[in-house]
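Topology and contacts: notes
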Amino acid sequence: MSILENKKKFLSQGYFIVRNLLSKEEISKFSKEIDRLYNLEYKKNIKVRMGIHPYEKFWSVIINEKLINSLGQIFDKKFHFLYQAGILQTIEGKEYLHHRDNPCRKFGVGPDWEDNSNYKIARVGIYLQNYEETKFHLNLIPYSHKKKYSIREFFRFFHKKTRYLNKFRKLRNILPKFFGTSIKTNPGDCIIFDPRVYHSPSPHLGKRQAIFLSYGEDNRHSDNYVTYFTKLRSGTEYSEIGENFFQFLKNNDLYKPLNEEITNIPGAFTREREREKNK
């Protein structure tokens with residue numbers, strides 16, 4: 001796709017694809033390091049190690065030239081690394097689980113849905129497994145960062161409400177074929193998407209490995225995003241990120257400081273808020 005086509009697809013449908021982002025050498029290096037981190041015991045289905053700052057061997061992917069150039073195609077202004085990141089591994093995935101990655105998960109509620117033209121944040125998924133071996137794909141619901149009411153939204157609602165009922169598993173695993181778009185990935189492929197887009201990993205065979213990163217333009221949406229994932233929600237604590245990682249970002253012109261003035265984000269999803277709602 002051309003630069004204009006990538007930007008148009010990202011803004012309208014909420015995602016675009018970058019094939020072969022990584023070299024064979026990088027794929028092998030990152031995959032072996034993930035194996036080492038997870039110890040690859042089959043019975044341990046640990047899903048994700050939050051943050052990338054503790055794992056210096058992965059820092060180079062943050063400044064991957066092809067990735068930075070691809071992000072430059074969709075951003076209009078200077079952009080930064082937003083700290084929400086993860087190194088993922090799953091074994092034998094069983095079902096879909098659609099979700100959003102932004103702070104304000106409910107469509108239309110909260111600042112994530114205001115001033116839409118300036119919501120310039122990109123979630124990056126880099127995949128290391130082979131489709132023919134694993135049958136893994138990422139299922140996204142195009143336009144779900146812009147539209148609420150549709151047959152796709154209804155199917156996703158049903159999917160969410162029956163997620164813990166195993167008797168519906170077969171039906172749940174069929175529905176995404178109708179309400180979502182499935183993107184098959186091979187080692188080194190990258191999907192760049194708006195974090196407000198509904199998406200889900202697919203069921204898969206064997207081992208799935210991926211690296212997730214986040215970037216955004218310097219605006220209030222990025223300020224909220226950083227605050228949410230490093231202060232309001234546990235997983236990547238800003239206070240625990242070392243100065244050497246900050247310096248790495250500064251050296252590569254990707255550093256963004258925490259906005260200390262933000263203490264709350266109206267409408268943001270938290271476990272506590274979800275528990276209160278379900279009482």
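These remarks concern the structure in this document. Fair warning: this is a prediction, and the values are worked out from it, not measured in the lab. (Residues numbered from 1 in each chain as written. Predicted model: local features only at pLDDT ≥ 70, side-chain atom pairs only at ≥ 80, totals over all residues. Heavy atoms only, no water.)

1. A look at the nonpolar core
In this structure, Ile-52, Ile-62, Phe-81, Ile-192, Leu-213 and Tyr-215 are the most contacted members of the largest nonpolar core, which totals 55 residues. Filtering out sequence-adjacent residues up to four positions away, Leu-213 remains in contact with Ile-52, Val-61, Ile-62, Leu-67, Phe-81, Gln-84, Ala-85, Ala-122, Arg-123, Val-124 and Ile-126. Counting residues in hydrophobic clusters, the runner-up holds 12 residues, among them Tyr-15, Tyr-127, Leu-138 and Val-197. (Core = buried A, V, L, I, M, F, W, Y, C linked by side-chain atoms within 4.5 Å. Buried < 20%, exposed > 50% of the residue type's maximum accessible area, 1.4 Å probe, protein only. Contact = heavy atoms within 4.5 Å.)

2. So, helix H10 (residues 243–251)
For H10, the set of buried residues is Phe-245, Phe-246, Phe-248 and Leu-249. Buried residues along H10 cover an arc of 155° about the axis, so they all sit on one side. For H10, the secondary structure elements touched by its buried residues are helix H3 (59–62) and strand E3 (79–81). With its phi angle positive at about 60°, Asp-253 sits one or two positions after the end of H10. (Helix = DSSP H or I, 4+ residues; strand = E, 2+ residues; numbered from the N terminus. Arc of directions from axis to C-beta.)

3. Some details on the pairing of strand E5 (residues 121–127)
Of all 7 residues in E5, 7 are buried; the element is thus mostly enclosed. Of the two faces of E5, the one carrying Ile-121, Arg-123, Gly-125 and Tyr-127 and the one carrying Ala-122, Val-124 and Ile-126 are both buried. Pairing of E5 with strand E8 (residues 190–193), which is carried by 4 bridges, proceeds in the antiparallel orientation. Looking at the pairing, Arg-123 lines up with Phe-193 of E8. (Pairing = 2+ DSSP bridges.)

4. Thoughts on the packing of aromatic side chains
Under the defined criterion, the tally for this structure stands at 19 aromatic pairs. A ring pair is formed by Phe-10 and Phe-16, whose centres lie 6.4 Å apart and whose planes are at 85°; its orientation type is edge-to-face. Looking at Phe-10, the relative accessible area reads 3%, which means it is buried. A ring pair is formed by Phe-79 and Tyr-215, whose centres lie 6.3 Å apart and whose planes are at 80°; its orientation type is edge-to-face. Here Phe-79, found in strand E3, pairs with Tyr-215, found in strand E10 (residues 207–217); they are 136 residues apart in sequence, far enough to count as distant. Across the pair, exposure class does not vary: Phe-79 and Tyr-215 are buried alike. Three or more aromatic residues link up through ring pairs in this structure, and these residues are Trp-59, Phe-75, Phe-79, Phe-81, Tyr-83, Tyr-215, Tyr-238, Phe-245, Phe-246, Phe-248 and Tyr-255. Stacked on the ring of Tyr-119, the Lys or Arg Arg-196 has its end atom at 4.0 Å from the ring centre. Cation over ring: Lys-250 sits above Tyr-255, and NZ or CZ is 4.8 Å from the ring centre. (Phe/Tyr/Trp six-rings, centres within 6.5 Å; stacked < 30°, edge-to-face > 60°. Lys NZ or Arg CZ within 6 Å of the ring centre and 35° of its normal.)

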